Amino acid sequence: MPQSLPTNPTHFDSEIDTGLDVETDVTVAPGASTGTAGTGPEILLELVDDEGVTTGTAEKHWAHQQPGRLHRAFSVFLFDRQGRLLLQRRALGKYHSPGVWSNTCCGHPYPDEPPFVAAARRTAEELGIAPALLCEAGTVRYDLPDEATGLIEREWNHLFVGLVTAPVEPNPDEVDDYAFVTAQELRELRAERPFSVWFETVFEAALPGIREIAGRDW
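All values reported here derive from a predicted model rather than from experimental measurement.

Caption draft 1: Quick peek at the nonpolar core. Within the largest apolar cluster, 31 residues are counted, with the highest numbers of intra-cluster contacts made by Phe77, Leu85, Leu87, Leu186, Phe203, Ile210 and Trp218. Contributing elements (two or more residues each) for this core: strand E5 (71-79), strand E6 (85-90), strand E9 (133-146), strand E10 (151-163), strand E11 (175-181), helix H3 (183-192) and helix H4 (199-214). Here this core takes eight residues from H4, the largest share from any one element. In this view, leucine 85 contacts Phe77, Leu78, Phe79, Thr104, Ala179, Phe180, Val181, Leu186 and Trp218; residues no more than four positions away in its chain are not counted. Ranked by size, the runner-up nonpolar core spans 17 residues in total, among them Phe74, Phe160, Val164 and Phe180.

Caption draft 2: Structural detail: unusual backbone geometry. A cis geometry characterises the amide bond from glutamine 66 onward to proline 67, with omega recorded as 5°. Within the secondary structure layout, proline 67 lies in the loop between helix H1 (60-63) and E5. Non-glycine residue serine 97 carries a positive phi angle of around 55°. Relative to the helices and strands, serine 97 resides in the loop between E6 and strand E7 (101-102). Judged by its relative accessible area of 6%, serine 97 falls in the buried class. At aspartate 112, a residue that is not glycine, the phi angle is positive and equals roughly 70°. Relative to the assigned elements, aspartate 112 resides in the loop between strand E8 (105-107) and helix H2 (115-127).

What counts and how
Residues numbered from 1 in each chain as written. Predicted model: local features only at pLDDT ≥ 70, side-chain atom pairs only at ≥ 80, totals over all residues. Heavy atoms only, no water. Core = buried A, V, L, I, M, F, W, Y, C linked by side-chain atoms within 4.5 Å. Buried < 20%, exposed > 50% of the residue type's maximum accessible area, 1.4 Å probe, protein only. Helix = DSSP H or I, 4+ residues; strand = E, 2+ residues; numbered from the N terminus. Contact = heavy atoms within 4.5 Å.

Geometric descriptors of this kind do not, in isolation, establish any biological role.
Rendered as structure tokens:
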């Protein structure tokens, strides 16, 4: 069963491009990424320049070592019919930000994989669900060091918001726990428990799209 959740957010400057383009009939593409350190084949990320244009590829863990390499990523915020946000607590075996709470799903597209497809794929891999609705909600670029791990997030992040109607079936290798929370419950949890280093930035950037989906209370 889902439990109640967690941060001590830090505020960062960011460049935000906001737009809301609705997509439906999500198709989940096959993928083999586990998101855990030391397992599976080498995973490549798509490197980008400061305009979000692809410039090449890099191995995932190397790209997150200081000083970091700017790469493409995505963040998903899914809500239930009551307007509650689905949060996850990252599995303890994750190489980056283990055991902390974060938004519904985050990850990296494979090289040449559309971010929308990657977002649907990883949501299924981590939480066992396909969004009933998934909308683009802009992009945000940031450089966020993680003092707990010594890693850095230098990302051009594609934001997605949407709805979930199916039961959540989390993959224990990816997700330690999950919860649906109201806006007030999220504020309380963020004051009490740690969240991922990127949560504050992507949440604030996605807020216009979140309010289109979940209402002005957010």
